[in-house]
Amino acid sequence: MARMAGSDELNHIQNSLAGDTEAYAALVKQHQKMVHAVAFRMTGSLADAEDLTQETFLRAFRQLDSFRGEAKFSTWLCKIAMNLSLNWRARENRRGDVHAKWAENAISENDSCDQFPDELSRRVQNALNKLPAKQRAAIVLTVYENRSHAEAAKLLNCTEATISWRVFAARQKLKRWLQPILHEQL
Amino acid sequence: MNNSELESALKKAQMPARPEAFWEMFPRRVVHRLNRPPVWDRARRHWLPRLAWGLGMAMCILVAFAIGHWHGRMEKNDAFVLLQNGKMLREVLTLFPNRVRAIVQDERGLQLVLSDQPNVPMSTPLWVKICDGKQCSSLVTFSGQELEIAGQKITVLSDAEGGIILEGNQFVWSSSARNFAQGGLKIEAKRLNSITL
């Protein structure tokens, strides 16, 4: 098990499996920023990213015995985070159908606009938010997580061709939406 | 704009920064949630502290026995009505002030879900019945509680107008828009306004 994990990481995984939550805390500390980054890029909200990051680690702990070490532990976590983020979007949409008013409040509360360090960062995230979730996932994995199309395809349970198409389609939109800000900056 | 210019712009974009204290505390918060008392999924029990689980089980058995004794004459068909019994609810809530997250009646019998801290706010109890075609679970809980019922996590909420909303991973149900329930679940819910705490 966990052939690709480092020896410390392997120890932490084995101890976590034995119920040692302190060992699991060490694993959380090691991977929390990566998981949070994936969740934030997918949701555009700090509050939702925090919830999703917690949920990712809770789910990973409960499913730890299913981690076979065929991929890196970080890849396994990334897959859980991505699946939760994609489900979060669907859930948010359903929530909007039922109590749109609550959702509006939630969106305004979750607004992270004022916390971006600069205008480019804010505009890029807004553009990502406008992409269809699966195209956004393809961009997050290939651009921000530096995954190859083959790795992204495995993570998203689709073919490499599908990923390539999603990346292509997303790039066309992002170029159109971000053209003005890039012009301003030149 | 070519692909490399776009990629460069995307990578330049930074995320809002979290203070270092947030990252220091985050693993603690995850571990705290891991150590919460068990909810429903028996398959997950192994990672809970054995002592907490033992105590929780003992309390559940005691309360179930007491409730069964008090209502010994009730027939099985009346089981779901039991949860709407004001006297029984008041007694359980008095026994565990601010710790009762839910009282559940399902095919396994009557079960009590307690919080490990007295942090469950007092509010009007909500009665919920969920049937998935094979079996039914009936429970009394409070707004804001996240429970695992019929194999899925469900958050029970009440709104200012007296409506009840159930939010699961795969569905959202509202007492004011009942057609949103999905996955073959049949759901009923109401506020137990007559029960004063």
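Residue indices follow the written sequence of each chain, beginning from 1 at its first position. Each chain takes a letter, starting from A, and each ligand takes a number, starting from 1, following the order in which they are written. Given that this is a predicted model, residues contribute local features only at a pLDDT of at least 70 and side-chain atom pairs are listed and counted only at 80 or more, while totals for whole chains, interfaces and linings are drawn from all residues.

A. Quick peek at the overall build of chain A. Across its full length, chain A carries 9 helices and 0 strands. Secondary structure elements of chain A occur, N-terminal to C-terminal, as α-α-α-α-α-α-α-α-α. The proportion of buried residues among the 186 residues of chain A is 36%. Across chain A, contacts joining residues at least 24 apart in sequence account for 63% of those joining residues at least 6 apart. Note on conventions: DSSP H or I runs of at least 4 residues are helices, E runs of at least 2 residues are strands, and numbering of each starts at the N terminus. Any residue with 12 or fewer other C-beta atoms within 10 Å of its own C-beta is exposed, any with 20 or more is buried, and the rest are partly exposed; the C-beta atoms used are placed from the backbone. Note on contacts: residues are paired as contacts if their backbone-placed C-beta atoms lie within 7 Å.

B. Just the nonpolar core, in detail. Residues and elements named next belong to chain A. A set of buried Ala, Val, Leu, Ile, Met, Phe, Trp, Tyr and Cys residues, joined through C-beta atoms within 7 Å, is what we mean by a nonpolar core. Residues Val38, Ala39, Leu77 and Ala81 are the most contacted members of the largest nonpolar core, which totals 50 residues. An automatic or database domain assignment supplies the start and end points of every domain. Composition of this core by domain shows at least three residues from each of domain 1 (1–112) and domain 2 (116–186). Leaving out residues up to four positions away in the same chain, Val38 has contacts with Cys78, Ala81, Met82, Ser85, Val140 and Glu145.

C. Expanded view of the pairing of strand S6 (residues 152–158) of chain B. Residue and element names in this part refer to chain B. Sheet topology places strand S5 (residues 145–149) next to S6; 5 bridges connect them, and they run antiparallel. Looking across to S6, one finds that Ile149 is bridged to Gln152. By definition, two strands form a pair when at least two bridges between them are found by DSSP. Connecting the antiparallel pair S5 and S6 is a turn made up of 2 residues, with Ala150 showing a positive phi of about 50 degrees. The loop that links S6 with its antiparallel partner strand S7 (residues 164–168) comprises 5 residues; one of these, Gly162, has a positive phi angle of about 90 degrees.

D. Main features of the sheet that holds S5 of chain B. Residue and element names in this part refer to chain B. Reading across from one edge, S5-S6-S7-S8 is the order of the 4 strands in this open sheet, with antiparallel pairing throughout. Both edges of this open sheet fall to S5 and strand S8 (172–174), since each of them pairs with a single strand only. The mean inter-strand angle of the sheet, taken between neighbouring strand axes irrespective of direction, is 25 degrees. Judged from the 3 bridges that link them, S7 and S8 form a sheet pairing that is antiparallel. When the bridges of S8 are listed, Glu167 appears paired with Val172. In this analysis an axis means a line fitted to C-alpha atoms, helices contributing only their contacting stretch, and an angle means the value between N-to-C directions, from 0 to 180 degrees.

E. Quick peek at the interface of chain A and chain B. Contact residues are listed per partner, giving 38 residues for chain A and 32 residues for chain B. At the level of elements, helix H2 (21–43), helix H3 (46–62), helix H4 (73–98), helix H6 (119–130) and helix H9 (160–185) of chain A are the ones that each hand at least two residues to the side of chain A that touches chain B. No other element matches H2 of chain A, which puts 9 residues into the side of chain A that touches chain B. In this count, Pro and Cys sit with the nonpolar residues alongside Ala, Val, Leu, Ile, Met, Phe, Trp and Tyr, while Asp, Glu, Lys and Arg are called charged and the others, Gly among them, polar. The residue makeup of the side of chain A that touches chain B, split by class, is 18 nonpolar, 11 polar and 9 charged.

F. Highlighting the packing of H3 of chain A against helix H2 (residues 20–34) of chain B. One can describe the packing of H3 of chain A onto H2 of chain B by two numbers: an axis separation of 10 Å at closest approach and a directional angle of 50 degrees. Viewed along their axes, H3 of chain A and H2 of chain B adopt a mutual orientation that is oblique. In this structure, H3 of chain A meets H2 of chain B at a crossing whose hand is right-handed. Where H3 of chain A approaches H2 of chain B, its residues Gln54, Phe57, Leu58 and Phe61 of chain A are matched on the opposing element by Arg29, Val30, Arg33 and Leu34 of chain B. Looking at the contact of H3 of chain A with H2 of chain B residue by residue, the class counts come to 5 nonpolar, 1 polar and 2 charged. Here roughly perpendicular refers to angles of 65 to 115 degrees, roughly parallel to angles under 35, roughly antiparallel to angles over 145, and oblique to all remaining angles. Here a crossing is called left-handed whenever its near helix is offset anticlockwise from the far helix by less than a right angle, and right-handed whenever the offset is clockwise.

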